[in-house]
Each structure stands twice: as structure tokens, then as C-alpha cells.
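Secondary and tertiary structure notes
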Amino acid sequence: MKNGHIHTGKQRFKCYECRRQFVENPDQKVSDSATTQTNRLIIARTPLESRHRP
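Quick notes on the rules
Residues numbered from 1 in each chain as written. Predicted model: local features only at pLDDT ≥ 70, side-chain atom pairs only at ≥ 80, totals over all residues. Heavy atoms only, no water. Phe/Tyr/Trp six-rings, centres within 6.5 Å; stacked < 30°, edge-to-face > 60°. Pairing = 2+ DSSP bridges. Helix = DSSP H or I, 4+ residues; strand = E, 2+ residues; numbered from the N terminus.

**Here's the deal with the packing of aromatic side chains**
By the definition in use, this model includes one aromatic pair. Summarising the aromatic geometry, the rings of Phe-13 and Phe-22 are spaced 5.9 Å apart at their centres and angled 25 degrees between planes, so their arrangement reads as stacked.

Dropping the structure here:
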């Protein structure tokens, strides 16, 4: 079912069964470097907030 629009103007949908909201064909994806860095922090058990500190 349709459920409004996101800030970029794309149509937002809501699942009838689980009520989860989603956008078909999203343009933004997480970069490989951010994924790699996050995985390293998780393996090292470092809090994810620490990666934003200088």
C-alpha cells in the first residue's frame, strides 16, 4: 500500500502483512569502505560511536 513520499520525492510503501515501510529501488547504498570499517569495529568489539570521534 502507498504510504506517502520520502524527502527526495520517491514513493514510500507499507507492507500489508508486517507494516514495514520501504522504498522501491532506493538510490542510496552503503559504501564498501563504510561496510568494511563497521565490520572491523564489530569484530574488535569497538563501539560504533567511536568511529565518529576525531
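The structure having been displayed, the exposition proceeds.
**Some points on the sheet that holds strand β3 (residues 21-22)**
Strand order in the open sheet formed by three strands is β1-β2-β3, with antiparallel pairing between adjacent strands. Only two strands of the sheet have a single neighbouring strand rather than two, namely β1 (2-5) and β3. Here two bridges tie β1 to strand β2 (residues 11-14), and the two strands are oriented antiparallel to one another. Counterpart to Lys-2 in the pairing with β2 is Phe-13.

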